[in-house]
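If you want the building blocks of each chain, they are given just below.
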Amino acid sequence: MSMYCFQCQETMNNAGCTSVGVCGKTSDVANLQDLLIFVLKGIAVYGQRAIEYGKSSEEASLFIAHSLFATITNVNFDTNYFVKKVQEALVIRDQVKQEAINAGALLHDHRLPEAALWKSDRMDEMLQKAGQIGVLSTKDEDIRSLREVIVYGVKGIAAYTEHAYVLGYTDPDVLQFFMKSLQATTDDHISVDDLVALTLETGTVAVKAMALLDTANTTLYGDPRPTTVNLGVRNRPGILISGHDLRDLEDLLEQTRGVPIDVYTHGEMLPAHGYPEFQKYDNLVGNYGGAWHEQQCDFERFHGPIILTTNCLMPPKDTYRDRLYTTGAVGFPDIPHIADRRQGSRKDFTMIIEHALHCDAPELLETGVVQAGFAHMAVLSIADQVIEAVKSGAIRKFVVMAGCDGRQKSRQYFTDVAQTLPDDVVILTAGCAKYRYNKLELGHIGGIPRVLDAGQCNDSYSLVVIAQALVQAFGLHDINELPLAFDLGWYEQKAVAVLLALLSLGVKGIRLGPTLPAFVSSNVLKVLVENFSIKPTTTADADVEAILAV
């Protein structure tokens, strides 16, 4: 096989992509991503030794975070980008090695894993090495499974870390965990039990990372509030911004003030409309289109330029390729890339703004509105109303139906569940999974919308805060005592981080779909089932019946 990747839910035959990714990445990109992760693990070997001697490197940890983010599904498809990243990683590895030595660590090459020693700046040698150190190089299936679960969870943590850092926030515990976790995946002597423990610790750190990002977002942009978002279009040129990066949206809105251009959100940028700081911009006019996998149709009909700030990018069609721009960790061959902002200044979107001025207005996709802004502060502000509705029986159950959307027809399941749930059940959501049901007319319960959208997948922390507040309000001892069920959709690695976060908090009985992860071995799955009662989704009717029976 020319590659092996099974990190996303849509991996070929729910086993692994072996020639080209279902996402569209080439085998060279997939293999260079493997090699980059391999060298990042080498950095972590030295970084963890330095930490043991009282020396840590924030710069190296942030480099690891940014690099891991670029390897998440549907972020970067550019071979040259990963060649340069591997070269940068080798330089940083040497720097961290020297820092460890300066701190007093004794290093012996024969005791170090190969990830800490290999080096080359030649493309052919990189690809040759990549073929030797990929996922399948770990022969023991259970060790391989646990290692990959940890790596994918850490990729999710990396995304949250990158977003928070862009807004000026870091957490030293989270940064140091990059070293600890990646170093552990190079240790051939670590036990299965220790890897299981590290997997749960990954979830604990994911909670910290999500809390940090929540603090960053709400400090800079205010606590989201219930907001009605327009789905129609106006009759003048527009710029479409997709992804998750709120700082990029802020920079774009500032630079288009007073310019005859409208700004529309797409995909996971929809929740930005709920933040008070963004509501002051009259050039932010609505949301266009749906979830990430609908972009090839949505982008084609938008007519103006599109900026991808983070995942999820799909290989562009020729009909809009000349209107597509990337920035941050996102990349695609021959697509213009907007450079990172210089310290103290805004990212320069002049190229995109000038492009937009010569474009037609967007084509109308739909009309109406959708609700956003039900993050934890908004829900907790009506906590008394929610609690009374539960006590009176007006609300029978809460179902957390959050996570990722995707292309597979089996994801109709989540729409069917939303429509099958009775009128006394409230859906709590975050992430692009909401696009399966957030435009349905599901009504209210005593003025409380039956779909409470906490925001992006990055905002899944809000659901944790809401659940913990309800535990306290009802005088319970355990989150599993709540009238609350988890029915989650997953696609990429941030969803893995969210799942591990929930497990670290002791949540049991999670339904996961539309398929269980290919990277979870049967023995590891057995551990998850025995300890946390994780189960696959089945049919909407059967799962709704089971949810209501508990």
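This text follows the structure it describes.
Residues numbered from 1 in each chain as written. Predicted model: local features only at pLDDT ≥ 70, side-chain atom pairs only at ≥ 80, totals over all residues. Heavy atoms only, no water.

**Looking at the sheet that holds strand β15 (residues 511–513)**
Logical step 1: Sheet architecture is open: six strands sit in the order β13-β10-β9-β14-β15-β16, paired in parallel fashion. Each end of this open sheet is capped by a strand with a single partner; those strands are β13 (451–453) and β16 (535–536).
Logical step 2: Across the sheet, helix α18 (residues 540–549) lies against β9 (397–400), β10 (425–429), β14 (484–489) and β15, angled at about 160 degrees from β15, the strand it touches most. (Pairing = 2+ DSSP bridges. Helix = DSSP H or I, 4+ residues; strand = E, 2+ residues; numbered from the N terminus. Contact = heavy atoms within 4.5 Å. Axes fitted to C-alpha atoms, helices over the stretch in contact; angles between N-to-C directions.)

**Some points on unusual backbone geometry**
Logical step 1: Cis rather than trans, the peptide bond between asparagine 311 and cysteine 312 has omega equal to 25 degrees.
Logical step 2: With respect to the helices and strands, cysteine 312 occurs in the loop between β5 (306–308) and β6 (324–327).
Logical step 3: Following glycine 513, the chain continues to proline 514 via a peptide bond in cis, the omega torsion being 10 degrees.
Logical step 4: Although it is not a glycine, asparagine 13 adopts a positive phi angle of roughly 55 degrees.
Logical step 5: Mapped onto the secondary structure, asparagine 13 falls in the segment before α1 (27–52).
Logical step 6: Although it is not a glycine, serine 533 adopts a positive phi angle of roughly 55 degrees.
Logical step 7: One can find serine 533 in the loop between α17 (522–532) and β16.
Logical step 8: With relative accessibility at 33%, the residue serine 533 sits in the partly exposed group. (Buried < 20%, exposed > 50% of the residue type's maximum accessible area, 1.4 Å probe, protein only.)

**What to know about helix α10 (residues 295–302)**
Logical step 1: What α10 keeps buried is the set Gln295, Asp298, Phe299 and Phe302. Seen from one end, α10 has its buried residues packed into an arc of 95 degrees, which puts them on one side.
Logical step 2: Buried residues in α10 make contact with β2 (238–242), β3 (262–266), β5 and β6.
Logical step 3: Within two residues after α10, histidine 303 carries a phi angle of roughly 80 degrees, on the positive side. (Arc of directions from axis to C-beta.)

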